[in-house]
Amino acid sequence: MKTRLKKNSILFIILITALFSSCEKDLYEQPIRNSQELKVSFNQFKKETGVNDLKILRHLSSNNEMSRGDVENEFLTDTTGIIKYTSIDNKVTYSFKIYPITEILESKEYYNLVYEKYEAEWNEVIFKNTQKENPAIEEPKLEQSKMIYNERFSEYNLAGFCEAINYTVHCNGSCGLNALGQPNPCDGLGCSTGECIQTTVSYIYCGGIGDNIEADPLSLSTGGATYNGGGTIYSGIYIPNPYDGEADLNNPEFVLAVQVAAFTRTLSSSNPAIKTLLENNFWLFPNVLEYIRNNGGLTQTNSATVTSCLINYNSFQQNLYLNNYSDILINQFKYWAFYSFLHNNYQNLNYQKILQIKNFIIDANTVVGEPCINHLYVNKDSQDALDFVNEIINQIILNPNLFTSIKPFLIEKQIGDSQLNPCAKGVFQQIKNTTNNDFAEVLAKLGADSSVYNTTMISAVAPSGMPAQTVWNSPFNYTIYISTNYEDKTKLFIAASMLHELVHAYFMSLFDDYNNANPPNPNAYNDFAILFQLYVDKTYPNSNSTAHHEQMAIDYVNAIASALQEYQPGLPQQIYQDLAWGGLQEAPIFNTLFPEGSIERNRVINRYKCESQGNTYGYDFPPAQTPIGQPCN
């Protein structure tokens, strides 16, 4: 007499859980049961197939053209007991247990989800299986296997499938063939008993109404689906994966999944928007389940958090039109927003702030938007990453015509300051935190949109003995020395030196770009004239025009002077300009614009000297200049 599993008997099939895409008890392939099958972990399945978006909770209905008959059900996928089959020609299928939420099954019935390779893509197929009521000891247990869903075929075509149950014990293809070209026998020698297959189901598109027929699946020669380009043959083989009865029902992960599924169904019934959201975004459910599992279960607090997250995320993803972005980036952005709503790992991050980021990404060109999305996604738990993107957004809003990429921000972000002494580090941080003229703005004004490079600033005696120096270490890696020999230098001079040397590093990166196909000439990195010429060439290729050199020098000076003015406001504009020009003394254009003996030349040099030494300089070459910047001590 057949027994029936009722809805309320622990909700049974309401969803056995193994489904946790993240329960992932990292099992590796090993024989199971008696056995002829290989059990693989979910991690192993994803690694082997590249399938990272398996639907944990799926819905089939009679309106689904891919379903057979009057199927109306929701299924939960068990990811803890996956069985892999490899054919003699190395074609593979993976069979999962899946549990219907609304259907009452008879005791011998079960569903399997099969992943097969169809042409170049992985295909999903669902079978409803029935075991024999009282099979003899030597008799195979499976009585029937019926395909009810195939991702690649319509309902009409599903009727043309024939499923065959194979009872012959034979060796898994991973054991290879014997000298006669036949599968090795299951004798524990050529093929161990742990690698033998006892029961398999073959399916083939036979073009008529599908009934079970006797057939040898080995004759189909493949485990994964085979498709003849002429449309005449489509076939595959899989290993049935039956339920484990009480072992499934008593699994604590199953019990939790039952609770979470019931919770989301109740939430969906009272909120149609959430119901639609969950149905259209199947990846949300396993993430909700994982969050609840990792945070103490389905508590009142967690229920409220999930509800709030889904409501906010639903509002976020509405009108999210990112036509210029790839699907990967769009999905990364959606996942970051959902994750942020759910985990709330950031300070002062609310719904309005996420909407601001969303609106910025929509309006931004992809050159700016794509790296922002990727940075948030990769660093989804990092407050620093959020602050970084917010800085980019705020600066681009303030200077909408200045930034054509986020590379100046990345360059600024990758400046190491841990080896600066307290005074120099304080100057660095003050410049970095200015509103309109920080390092990123200075670099953007000079067109820094090529390679991103790494710069380390240190407080140490410069190799050249100069107050400051930039040294090339390797391509796109530079060290800036802020000399400790000039003990009386002012903070204003330190600021000017940092800005100048950072631009110097930028010029070096241009040379690295120029020589990226050949070993660079290290001597060129010590010749500022060569580096400045490369900077000019970026805008005016191969130009020796004095006017072009002068224009680029003026751009440089204005960028540095503006940053210095914001660093220490209230000084005469000439002070900022002269300190900026002081950093260009090695460029040929400096000698052209400031001839030897001129008052202007003396003023610039004396300003640079007095701020570096902390005392008045230039009595012998007037006009003498007195330091205006504040001392470190």
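Just above, that's the structure.
Everything numeric here is computed off the predicted structure, so don't read it as measured data. Counting restarts for each chain: residues are numbered from 1 in the order of the written sequence. Selection of residues for local features in this predicted model requires a pLDDT of at least 70, selection of side-chain atom pairs for listing and counting requires 80 or more, and totals for whole chains, interfaces and linings are taken over all residues. The basis for every side-chain value is the complete set of non-hydrogen atoms in the structure, without hydrogens or water.

Asks: How would you summarise the sheet that holds strand β16 (residues 415-419) if you had to cite specific residues and measurements?
Replies: Between any two strands, pairing holds if DSSP finds at least two bridges. Segments assigned H or I by DSSP are reported as helices when at least four residues long, segments assigned E as strands when at least two residues long, and all are numbered from the N terminus. Read across the sheet, four strands follow the order β16-β17-β19-β18 without closing on themselves; strand pairing throughout is mixed. The sheet is open, and its two edges are formed by β16 and β18 (468-474), each paired on a single side. Each adjacent strand pair in this sheet contributes to an overall mean axis angle of 25°, direction not counted. Here strand β17 (residues 454-459) pairs with strand β19 (residues 477-482) via six bridges, running parallel. Residue pairing across strands places Ser459 opposite Ile482, the latter belonging to β19. Contacts between residues were defined by any pair of non-hydrogen atoms, one from each residue, lying within 4.5 Å. Axis definition: a line fitted to C-alpha atoms, over the contacting stretch in the case of helices. Angles run 0 to 180 degrees between N-to-C directions. Against the sheet, helix α13 (residues 422-432) touches β16 and β17, its axis set at about 150° to β16.

Asks: Just give me the short version of the packing of helix α15 (residues 491-514) against helix α16 (residues 528-539), but keep the residues and values in it.
Replies: With their axes 9 Å apart at the nearest point, α15 and α16 run at an angle of 75° to one another. It follows from the interaxial angle that α15 and α16 lie roughly perpendicular. Contacts from His500, His504, Tyr506, Phe507, Met508, Leu510, Phe511 and Tyr514 of α15 reach α16 at Phe528, Ile530, Leu531, Phe532, Leu534, Tyr535 and Lys538. Under this grouping Gly is polar, as are all residues other than the nonpolar Ala, Val, Leu, Ile, Met, Phe, Trp, Tyr, Cys and Pro and the charged Asp, Glu, Lys and Arg. Partitioned by chemical class, the residues of the contact of α15 with α16 number 12 nonpolar, two polar and one charged. Each angle gets one of four labels, with under 35 degrees taken as roughly parallel, over 145 as roughly antiparallel, 65 to 115 as roughly perpendicular, and the rest as oblique.

Asks: Explain the pattern of salt bridges residue by residue, including any values.
Replies: Salt-bridge detection follows one rule: a side-chain nitrogen of Lys or Arg within 4 Å of a carboxyl oxygen of Asp or Glu. Throughout the structure, instances matching the rule amount to six salt bridges. Put simply, Asp384 and Lys413 hold a salt bridge, and the shortest N to O gap is 2.5 Å. With Asp384 in helix α11 (residues 383-398) and Lys413 in helix α12 (residues 407-413), this residue pair connects regions lying 29 residues apart in the sequence. Burial classes follow relative accessibility: with a 1.4 Å probe on protein chains only, a residue under 20% of its type's maximum area counts as buried, one over 50% as exposed, and anything between as partly exposed. Asp384 gets classed as partly exposed once you look at its relative accessible area, which sits at 47%. For Lys413, a relative accessible area of 29% gives the class partly exposed. Here Arg607 and Glu611 are joined by a salt bridge, their closest N and O atoms 2.7 Å apart. Remark: Glu611 and Arg607 occur in helix α20 (residues 599-613); sequence separation between them is four residues, near one turn of the helix. Residue Arg607 shares its accessibility class with Glu611, and that shared class is buried.

Asks: Break down the packing of aromatic side chains for me, citing the residues and quoting the values.
Replies: Centres within 6.5 Å make a pair out of two Phe, Tyr or Trp rings, where for Trp the six-membered ring is used; the pair is then stacked when the planes are under 30 degrees apart, edge-to-face when over 60, and tilted otherwise. Taken as a whole and judged by the stated rule, the model has 35 aromatic pairs. With a centroid separation of 6.1 Å and an interplanar angle of 10°, the aromatic rings of Phe42 and Phe45 are classed as stacked. With Phe42 and Phe45 both in helix α1 (residues 42-49), this residue pair falls three residues apart, about one helical turn. For Phe45, a relative accessible area of 0% gives the class buried. Three or more aromatic residues joined by ring pairs make a cluster, and in this case those are Trp283, Tyr313, Phe316, Phe333, Tyr335, Trp336, Phe338, Tyr339, Phe341, Tyr351 and Tyr377. Geometrically, a charge over a ring is one whose NZ (Lys) or CZ (Arg) sits within 6 Å of the ring centre while staying within 35 degrees of the ring normal. Taking the ring centre of Phe316 as reference, the NZ or CZ of Lys358 above it sits at 5.8 Å. When the ring centre of Phe388 is taken as origin, the NZ or CZ atom of Lys413, which lies over that ring, is 5.0 Å away.

Asks: Describe the packing of helix α9 (residues 351-363) against helix α10 (residues 366-378), listing the residues and the values that go with them.
Replies: If you want to describe how two helices pack, look at the angle between their axes and the distance between the axes. For the pair α9 and α10, interaxial distance at closest approach is 8 Å and the crossing angle is 145°. Crossing of α9 against α10: the hand is left-handed. When α9 is examined against α10, the residues Ile357, Phe360 and Ile361 are found in contact with a partner set consisting of Val368, Gly369, Cys372, Ile373 and Leu376. A per-class count over the contact of α9 with α10 returns seven nonpolar, one polar and no charged. When the near helix sits turned anticlockwise from the far one by under a right angle, the crossing is termed left-handed; a clockwise turn instead gives a right-handed crossing.

Asks: So what about helix α18 (residues 573-582)? Which residues, and what values?
Replies: The buried count for α18 comes to eight of 10 residues, which makes it a mostly enclosed element. Structurally, α18 contributes buried residues whose contacts are with α15, α17 (546-567), α19 (588-593) and α20.

Asks: Outline helix α6 (residues 284-294), supporting the account with residue identities and numerical values.
Replies: Of all 11 residues in α6, nine are buried; the element is thus mostly enclosed. Among the residues of α6, those classed as buried are Leu284, Phe285, Pro286, Asn287, Val288, Leu289, Tyr291, Ile292 and Arg293. Remark: Gly296 follows α6 within two positions and exhibits a positive phi of approximately 95°.

Asks: Give me the lowdown on the environment of Ser464, citing residues and values where you can.
Replies: Its place among the elements puts Ser464 in the loop between β17 and β18. Taking the C-alpha atoms as reference, Ser464 lies 9.8 Å from Tyr481; in sequence the two are 17 residues apart. Within polar-contact distance, the side chain of Ser464 engages the backbone nitrogen of Met466 at 3.2 Å. Polar contacts, as counted here, are pairs of nitrogen or oxygen atoms within 3.5 Å of one another; within protein the pair requires one atom able to donate a hydrogen and one able to accept it, and residues that are adjacent in sequence qualify only if both atoms are side-chain atoms.

Asks: Outline the environment of Cys162, listing residues and values.
Replies: Looking at the secondary structure, you find Cys162 in strand β10 (residues 161-166). For the pair Cys162 and Tyr205, spaced 43 residues apart in sequence, the C-alpha separation works out to 6.2 Å.

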